[in-house]
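Given next are the chains, with one letter for each unit.
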Amino acid sequence: VQLVESGGGLVQPGGSLRLSCAASGSFAKIYTMAWYRQAPGKQREFVARMSGRTSTTYVDSVKGRFTISRDNAKNTVYLQMNSLNPEDTGVYYCNANLLEATTLRDENYWGQGTQVTVSS
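Figured I'd write up the structure that's included with this text.

In spatial order, the strands read β1-β3-β8-β7; together these 4 strands make up an open sheet with antiparallel pairing. Edge strands, defined here as strands with exactly one partner in the open sheet, are β1 (2-6) and β7 (66-71). For this sheet, the mean inter-axis angle between neighbouring strands, taken without regard to orientation, is 15°. One ladder, built from 5 bridges, connects β1 with strand β3 (residues 17-24); its direction is antiparallel.

Before going further, it helps to spend a moment on unusual backbone geometry. Among all residues save glycine, negative phi is the norm, and among peptide bonds the norm is trans. The phi dihedral of Ser83 is positive, around 50°, even though this residue is not glycine. For Ser83, the position within the fold is in the loop between β8 (76-81) and β9 (90-100). Judged by its relative accessible area of 43%, Ser83 falls in the partly exposed class. You will see that Leu104, though not glycine, has its phi angle at about 55°, which is positive. Turning to its location among the elements, Leu104 is positioned in the loop between β9 and β10 (106-110).

Throughout the structure, instances matching the rule amount to 2 aromatic pairs. Consider the rings of Tyr36 and Phe46, whose centres lie 5.6 Å apart with planes at 75°: the pair is edge-to-face. Taken together, the residues Tyr36 in strand β4 (residues 27-38) and Phe46 in strand β5 (residues 45-51) connect sequence positions 10 residues apart. When its relative accessible area of 17% is taken as the criterion, Tyr36 is described as buried. Ring geometry for Tyr36 and Trp110: centres 4.9 Å apart, planes at 65°, overall edge-to-face. Here Tyr36 is found in strand β4, whereas its partner Trp110 is found in strand β10, with 74 residues between them in sequence. Trp110 sits in the partly exposed class, given a relative accessible area of 37%. Against the face of Tyr78 rests Arg18, its NZ or CZ located 4.0 Å from the ring centre.

Rules of the game
- Residues numbered from 1 in each chain as written.
- Predicted model: local features only at pLDDT ≥ 70, side-chain atom pairs only at ≥ 80, totals over all residues.
- Heavy atoms only, no water.
- Pairing = 2+ DSSP bridges.
- Helix = DSSP H or I, 4+ residues; strand = E, 2+ residues; numbered from the N terminus.
- Axes fitted to C-alpha atoms, helices over the stretch in contact; angles between N-to-C directions.
- Buried < 20%, exposed > 50% of the residue type's maximum accessible area, 1.4 Å probe, protein only.
- Phe/Tyr/Trp six-rings, centres within 6.5 Å; stacked < 30°, edge-to-face > 60°.
- Lys NZ or Arg CZ within 6 Å of the ring centre and 35° of its normal.

Keep in mind these values describe shape, not function.
Below, the structure is given as structure tokens:
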């Protein structure tokens, strides 16, 4: 199973970015897909999670600014980030909890990360 992120980059404060994460490989079902981020010198932190088709959870600092969504047909999760500020800078990682098709075990996977830099 692979998770491939895209969409990071450099943006000015107040700007927007949209991250994508596509899951590929042999899995029977995806339970949850989520985004985490890690700022320089800090621990990785949870940002947003989508469970099933509609259940979403956000860290307080991004509520009202970020929106997580999912295209089940494409096994892809998105993170629309608006009103970005410098505190949002970091490497954003995609995470998926899924049922592997070959082993029929629940497994957790991470993407390689995509850099988001908010700076003027």
